[in-house]
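What follows is each chain in one-letter form.
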Amino acid sequence: MNFSDHRLLIANRGEIAVRIIHAAQALGIRTLAVCSEADKLSLPATLADEVMVIGPARADQSYLKAELILEAAKQMNATAIHPGYGFLSENADFAQAVVDAGLIFVGPDAHTIRQMGDKACARTTAQAAGIPVVPGSDGEIDSLEGAIAAAQTVGFPLLIKASAGGGGRGIRIARDANELAKEFIIAQSEAKAAFGSGAVYLERFIEKARHIEVQILGDGEHSIHLYERECSLQRRRQKVFEEAPSPALSSTIREQLCQKAAKLAQALHYKGAGTLEFLYDDTSEAFFFIEMNTRIQVEHPVTEAITGVDLVQWMIKVALGESLSIQQDDITINGSAIEMRINAENPAKGFFPSPGRLTHLQWPVGEGIRIDTHLFDGYLIPPYYDSLLAKVIIHGQTRQQAFERAITALNETQIEGVLTTMPLHKALLQDPAIKTADFDTGTLEVWLPENLHKLIEKEKDDALTTH
Ligand code: ADP
Ligand code: ADP
Ligand code: MG
């Protein structure tokens, strides 16, 4: 298909805006960047064919303001909008407004976003499709009495989750009825303030589970899965280090899990890239659906590395009307890939954000190395947004080779002027439990207080060796 008449507006910033610009340019599509005052000199603003400043630095006055983005789309003659991740990417009203303005939304339709982007609703849909979910309340709970009654069957410990939550936020734990009484009210008001909706539901807290998610891709008619990612290494329920495939799954379980996910995608007539997230219990080999992200995910490059499929290009192509020409049998797993999220954060100060000006930057080179980033030498990292600076993605023929290449790659990486999470990743790569994939979603929270001081000290004086 010839896409040269299209003009794609990227309603995002940072590394994902750069990633989308590259994908669009490869397809011969003109790229239109919108940015805040703080991002005028950013890499996506420089790389795009055209750029427009839409508002002040604060995201709620720029990247989160649908009207401003739609107005820019009109002025720039955009034909389509890619929302990236975060911001308006899972906002059904925005997706609908884009279509109502006569433009193409790169993602599923508003109805699907509403159905699957709302967590309580997604649970019900998954369950109806025969996918096991974590035991929890049937839909949203709007009163404390309702929560106490539901907790009888859900059981403690449990999580109170915001239906509209995301990015690891909007989740509170209650270990008994007293805690539930206290936390429920806080959860409701926090959800209202953070996500604009106070809707919450309950879910049993599963300790010692792995986070395993399945990538799906569809064109509205036909859909496939692209196997799974393992994202158990998390801090505050936010992914830190991801890999594909999961080292924990047998091929039988892998096929079962991925086929179920693909079946759900098919039932939804899913259009675009999406992810079904599960908790997996190694011992019982049971998996439970937790949520779906109806957008591109941060960690999508590990899937691209092992399957050779460009997910962002496909999102754009199917949105512009091309059929998905890949069949399920075309998708095979080649080797192993890991992704390390390099954030501008100070590990020594509770991972407090560490914005500022880059004084020196050097990326590694070599086989199997991919860097997704918006950084450049001299860039001033603004304090207003997500602290993600770069994703270092490493591919190897085996998991061990990926780890070895990753150590060399991080040793060659130099980011100066701000503090980053690089020391954490260097230590994780050498940790025996991480190397043997002996971890669950709680591991990093225990590991950090035990190891942090060591890695901060170590970072001061030496570089790592591969031995
Ligand atoms: P992924 O599932 O792709 O790993 P994350 O959970 O890390 O994504 O979220 C990606 C980005 O999107 C982060 O910047 C996060 O803060 C943001 N984000 C995700 N969901 C929401 C939401 N519902 N509200 C606000 N920000 C969100
Ligand atoms: P978000 O939208 O913020 O990504 P998720 O529902 O995906 O929210 O949960 C984020 C993380 O919290 C999961 O990856 C997992 O580590 C943890 N988590 C979520 N639900 C449960 C649960 N029922 N039991 C244990 N951990 C959970
Ligand atoms: Mg999630």
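Residues numbered from 1 in each chain as written. Chains lettered and ligands numbered in written order. Predicted model: local features only at pLDDT ≥ 70, side-chain atom pairs only at ≥ 80, totals over all residues. Heavy atoms only, no water.

S.K.: Go over the pattern of salt bridges, please, and point to the residues and values.
M.R.: In the structure shown here, the tally under the stated rule is 28 salt bridges. Measuring nitrogen to oxygen at the nearest pair gives 3.1 Å for the salt bridge that ties Asp282 to Arg210. In this pair, Asp282 sits in the loop between strand 12 (271-281) and strand 13 (286-293) while Arg210 sits in strand 9 (residues 210-219), placing the two residues 72 residues apart along the sequence. For Asp282, a relative accessible area of 37% corresponds to the partly exposed category. (Salt bridge = Lys/Arg side-chain N within 4 Å of Asp/Glu carboxyl O. Helix = DSSP H or I, 4+ residues; strand = E, 2+ residues; numbered from the N terminus. Buried < 20%, exposed > 50% of the residue type's maximum accessible area, 1.4 Å probe, protein only.)

S.K.: How would you explain the nonpolar core if you had to name every residue and give the values?
M.R.: Core analysis: the largest hydrophobic core is formed by 59 residues, its most contacted members being Leu217, Phe289 and Ile316. Shared between two domains, this core holds at least three residues of each, these being domain 1 (7-106) and domain 3 (210-466). With residues up to four places along the chain from it excluded, the contact list for Ile316 reads Leu8, Ile20, Ala23, Ala24, Leu27, Ile29, His82 and Val106. Within the second largest apolar cluster, 36 residues are counted, among which are Val240, Leu361, Tyr379 and Ala409. (Core = buried A, V, L, I, M, F, W, Y, C linked by side-chain atoms within 4.5 Å. Domains from an automatic or database assignment. Contact = heavy atoms within 4.5 Å.)

S.K.: Any details on the coordination of the magnesium ion (ligand 3)? Residues and values, ideally.
M.R.: The protein atoms that coordinate the magnesium ion (ligand 3) are Glu277 (OE) and Glu291 (OE), at distances of 2.0 to 2.1 Å. Of this pair, Glu277 sits in strand 12 while Glu291 sits in strand 13; the two residues are 14 residues apart in sequence, bridging distant segments of the chain. You'll find Glu277 and Glu291 in the same group, each marked buried. (Donors = N, O, S within 2.8 Å, 3.2 Å for Na, K, Ca; no water.)

S.K.: Tell me what's going on with the site of ligand 1, and back it up with residues and numbers.
M.R.: Taken together, 18 residues lie around ligand 1, and Gln297, Val298, Glu299, Arg341 and Asp386 are the ones closest in. Gly86 has a polar backbone atom sitting 3.4 Å from an oxygen atom of ligand 1. Within the side chain of Arg169, an N or O atom sits 3.3 Å from a nitrogen atom of ligand 1. Relative to its unbound accessible surface of 550 Å², ligand 1 loses 81% to contact with the protein. Broken down by element, the residue count for the shell around ligand 1 peaks at 3 residues, all from strand 6 (residues 158-166). For the shell around ligand 1, the class distribution of residues is 4 nonpolar, 7 polar and 7 charged. Residue assignment places the shell around ligand 1 across two domains, with domain 2 (135-204) and domain 3 (210-466) each supplying three or more. (Near = heavy atom within 4 Å. Polar contact = N/O pair within 3.5 Å; in protein donor to acceptor, adjacent residues only side chain to side chain. Areas by Shrake-Rupley, 256 points an atom, 1.4 Å probe, with all protein chains shown as cover. Nonpolar A, V, L, I, M, F, W, Y, C, P; charged D, E, K, R; others polar.)

S.K.: Can you explain the UniProt feature "domain: ATP-grasp" (unreviewed entry) in the protein chain? Please cite residues and give values.
M.R.: According to UniProt, the feature "domain: ATP-grasp" (unreviewed entry) maps to residues 123-320 in the numbering used here. Helix makes up 35% of residues 123-320 and strand makes up 35%, while its end C-alpha atoms are separated by 30 Å. (UniProt positions renumbered as here; feature names shortened; annotations may be inferred.)

S.K.: Which residues make up the sheet that holds strand 21 (residues 388-396), and what values do they have?
M.R.: The 8 strands are arranged 13-12-9-10-11-14-21-19 in an open sheet whose pairing can be described as antiparallel. Two strands lie at the open edges of the sheet, namely strand 13 and strand 19 (369-373), each paired on one side alone. Each adjacent strand pair in this sheet contributes to an overall mean axis angle of 25°, direction not counted. Summarising the sheet, strand 9 and strand 12 pair through 10 bridges and their orientation is antiparallel. The residue of strand 12 that forms the bridge with Ile212 is Phe278. Along the sheet, helix 1 (residues 14-26) makes contact with strand 19 and strand 21, crossing strand 19 at roughly 110°. (Pairing = 2+ DSSP bridges. Axes fitted to C-alpha atoms, helices over the stretch in contact; angles between N-to-C directions.)

S.K.: I'd like to hear about the site of ligand 2, residue by residue, with values.
M.R.: Neighbouring ligand 2 are 22 residues; Gly168, Arg204, His211, Gln234 and Glu277 lie closest to it. Within the side chain of Gln234, a nitrogen or oxygen atom sits 2.7 Å from an oxygen atom of ligand 2. Of all the secondary-structure elements, those providing two or more residues to the shell around ligand 2 are strand 6, strand 7 (169-174), strand 8 (200-204), strand 12 and strand 13. For the shell around ligand 2, the class distribution of residues is 7 nonpolar, 7 polar and 8 charged. Among the domains, domain 2 (135-204) and domain 3 (210-466) are the pair contributing at least three residues each to the shell around ligand 2.

S.K.: A description of the packing of aromatic side chains should follow, citing residues and the corresponding values.
M.R.: Counted under the stated rule, the structure contains 8 aromatic pairs. For the pair Phe94 and Phe105, a centre-to-centre distance of 6.2 Å together with 80° between the ring planes defines the contact as edge-to-face. With Phe94 in helix 4 (residues 92-100) and Phe105 in strand 5 (residues 104-105), this residue pair connects regions lying 11 residues apart in the sequence. Residue Phe94 shares its accessibility class with Phe105, and that shared class is buried. Considering the side-chain rings of Phe278 and Phe289, the 6.1 Å spacing of their centres and the 80° angle between planes classify their relative orientation as edge-to-face. Pair noted here: Phe278 is in strand 12 and Phe289 is in strand 13, with a separation of 11 residues, a long-range link. Across the pair, exposure class does not vary: Phe278 and Phe289 are buried alike. In textbook terms, an aromatic cluster arises when at least three aromatic residues are bridged by ring pairs, as seen for Tyr63, Phe87, Tyr384 and Tyr385. Between the NZ or CZ atom of Lys317 and the centre of the ring of Trp314, over which it lies, the distance is 3.8 Å. (Phe/Tyr/Trp six-rings, centres within 6.5 Å; stacked < 30°, edge-to-face > 60°. Lys NZ or Arg CZ within 6 Å of the ring centre and 35° of its normal.)

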